[in-house]
Amino acid sequence: MPTPSVRVRFAPSPTGYLHVGGLRTALYNYLFARRNNGTFVLRIEDTDQSRKVEGAVENLIETLRWAGIEYDEGPGREGDCGPYTQSQRLAIYEEHARKLIDTGHAYYCFCSPERLEQVRQKQIAMKLPPAYDRHCRDLPIDAVRRRREAGEATVIRMKVPVGGETTFEDLIRGTVTIAHKVLDDQVIVKSDGFPTYHLAVVVDDHLMNISHVIRGEEWLPSTPKHIMLYQYFGWEVPRFAHLPLLLNPDKTKLSKRQGDVAVEDYRKKGYLKEAIINFVAFLGWNPGDEREIFTLEQLIQ
Ligand code: GLU
Ligand code: ZN
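Notes on the structure follow. (Residues numbered from 1 in each chain as written. Chains lettered and ligands numbered in written order. Predicted model: local features only at pLDDT ≥ 70, side-chain atom pairs only at ≥ 80, totals over all residues. Heavy atoms only, no water.)

## Considering the coordination of the zinc ion (ligand 2)
Donor atoms from the polypeptide that bind the zinc ion (ligand 2) are Cys109 (SG), Cys111 (SG), Tyr132 (OH) and Cys136 (SG), placed at 2.0 to 2.3 Å. Note that the zinc ion (ligand 2) binds 4 donor atoms; their angles at the metal cover 98 to 123°, and the shape is tetrahedral. (Donors = N, O, S within 2.8 Å, 3.2 Å for Na, K, Ca; no water. Tetrahedral: all angles 85-135°; square planar, octahedral: opposite > 155°, others 65-115°.)

Here it is as structure tokens:
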């Protein structure tokens with residue numbers, strides 16, 4: 001059997017600058033692709049309209065190029081799986097959301113923000129973890145049709161099994177098990193018709209033939225929901241590798257408040273790209289000997 005080809009992706013949300021944690025994720029994906037004669041895809045995850053920043057995509061692409069991290073497919077380098085910008089793929093997500101509704105794996109939720117807030121307050125008062133109460137999960141089909149035709153605002157939620165758990169092998173973390181009772185019926189399409197990250201990431205990783213999802217650890221708790229979506233669609237699940245978060249010395253998440261986190265900040269201060277690449281490569285890796293300086297070429301080997 002031929003070994004399936006390695007395809008990985010870096011999938012940033014363009015928020016204005018490239019965080020050093022993002023550069024590390026991009027670098028690890030890039031190195032993994034190069035090492036395995038694979039393909040490195042850049043995908044722009046820009047479906048959150050409220051977080052849109054003018055010029056952010058151009059800036060991101062330019063910073064990656066400056067660092068020497070070249071992508072094989074992505075915006076401006078169209079391969080067979082484009083477009084590579086999520087806001088240009090809305091019809092694809094819509095079609096897939098409809099499929100989930102039709103197969104009973106997702107449902108329309110008409111709850112107003114006020115109702116959701118009341119539910120939350122009640123749960124907090126009862127010392128329960130706040131979660132959607134699945135109020136709309138079993139509405140009669142006719143009622144749903146009537147309310148939609150009447151133009152009522154709605155989101156689409158995926159159904160998470162009430163009991164049980166999901167287990168998967170993470171290439172970095174090992175066996176991970178998450179109980180379904182801690183998972184919400186995740187919103188997958190917002191009331192503005194845009195998909196949330198969770199739907200878009202699964203649909204795109206599948207349609208772009210991604211073999212290994214290498215990303216930050218903050219997405220580990222969402223992975224069971226993603227695996228469920230793969231299963232609902234009847235798709236093969238990719239391998240997952242979650243990179244440990246970059247932390248400040250006081251163990252809080254690396255953020256702007258404690259010094260520079262944007263790659264551009266270092267660049268502006270005159271740091272060489274070689275120094276920065278070497279620096280982020282060593283955040284979570286070492287060669288097992290005394291060597292401390294590696295070029296991109298050496299890191300691939
Ligand atoms: N858009 C997500 C982010 O900005 C990507 C997460 C993933 O790689 O799945 O972190
Ligand atoms: Zn509802």
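## A look at the site of ligand 1
The local shell around ligand 1 consists of Arg9, Ala11, Ser13, Glu45, Tyr197, Val201, Arg215 and Trp219. Measuring from a nitrogen atom of ligand 1, one finds a side-chain N or O atom of Glu45 at 2.6 Å. Here Tyr197 contributes a side-chain N or O atom positioned 2.6 Å from an oxygen atom of ligand 1. Bound to the protein, ligand 1 loses 83% of the 300 Å² it would expose on its own. In the shell around ligand 1, the residues fall into 4 nonpolar, 1 polar and 3 charged. (Near = heavy atom within 4 Å. Polar contact = N/O pair within 3.5 Å; in protein donor to acceptor, adjacent residues only side chain to side chain. Areas by Shrake-Rupley, 256 points an atom, 1.4 Å probe, with all protein chains shown as cover. Nonpolar A, V, L, I, M, F, W, Y, C, P; charged D, E, K, R; others polar.)

## Some thoughts on the layout of surface pockets
In this structure, the largest pocket spans a volume of roughly 1,300 Å³. Considering the residues around the largest pocket, the lining is formed by 48 residues, among which Ala11, Pro12, Ser13, Thr15 and Arg51 are closest to the centre. Within the residue set of the lining of the largest pocket, elements represented by two or more residues are β1 (7-10), α1 (20-35), α2 (56-67) and β8 (212-216). Tallied by class, residues from the lining of the largest pocket come to 20 nonpolar, 14 polar and 14 charged. (1 Å grid on protein atoms, 1.4 Å probe; cavity = no way out; pocket = protein on both sides within 12 Å on 5 of 7 lines; lining within 4 Å. Points joined across faces, edges and corners; volume = space filled by probe spheres on them. Helix = DSSP H or I, 4+ residues; strand = E, 2+ residues; numbered from the N terminus.)

## Structural notes on the side chain of Asn278
Tracing the backbone through its elements, the reader meets Asn278 in helix α9 (residues 273-281). Taking relative accessible area as the criterion, Asn278 reaches 12% and is therefore assigned buried. With residues near it in sequence (within four places) discarded, Asn278 still touches Glu292, Ile293 and Phe294. (Buried < 20%, exposed > 50% of the residue type's maximum accessible area, 1.4 Å probe, protein only. Contact = heavy atoms within 4.5 Å.)

## Section: the sheet that holds strand β3 (residues 106-109)
On the basis of which strands lie adjacent, the open sheet formed by 3 strands has the order β3-β4-β7 and antiparallel pairing. Two strands in the sheet have a free side with no partner beyond their single neighbour: β3 and β7 (187-189). Here the average twist between neighbouring strands, direction ignored, is 45°. Bridging between β3 and strand β4 (residues 155-158) involves 4 bridges; their strand directions are antiparallel. Directly across from Tyr108, in β4, lies its bridge partner Ile156. (Pairing = 2+ DSSP bridges. Axes fitted to C-alpha atoms, helices over the stretch in contact; angles between N-to-C directions.)

## Structural notes on the packing of aromatic side chains
Throughout the structure, instances matching the rule amount to 7 aromatic pairs. Ring centres of Tyr197 and Trp219 lie 4.2 Å apart, and the angle between their planes is 40°; this geometry places the pair in the tilted category. Of this pair, Tyr197 sits in helix α6 (residues 197-207) while Trp219 is found in the loop between β8 and α7 (223-233), placing the two residues 22 residues apart along the sequence. Residues Phe233 and Trp235 carry aromatic rings whose centres are separated by 4.3 Å and whose planes lie at 20° to one another, so their mutual orientation is stacked. For the pair Phe233 and Trp235, one class covers both residues: buried. Cluster of aromatic residues (ring-pair linked, three or more members): Tyr230, Phe233 and Trp235. Seen from the ring of Tyr132, Arg157 lies directly overhead, with NZ or CZ sitting 3.6 Å from the centre. (Phe/Tyr/Trp six-rings, centres within 6.5 Å; stacked < 30°, edge-to-face > 60°. Lys NZ or Arg CZ within 6 Å of the ring centre and 35° of its normal.)

Note that all results are geometric; they support no functional claim without further evidence.
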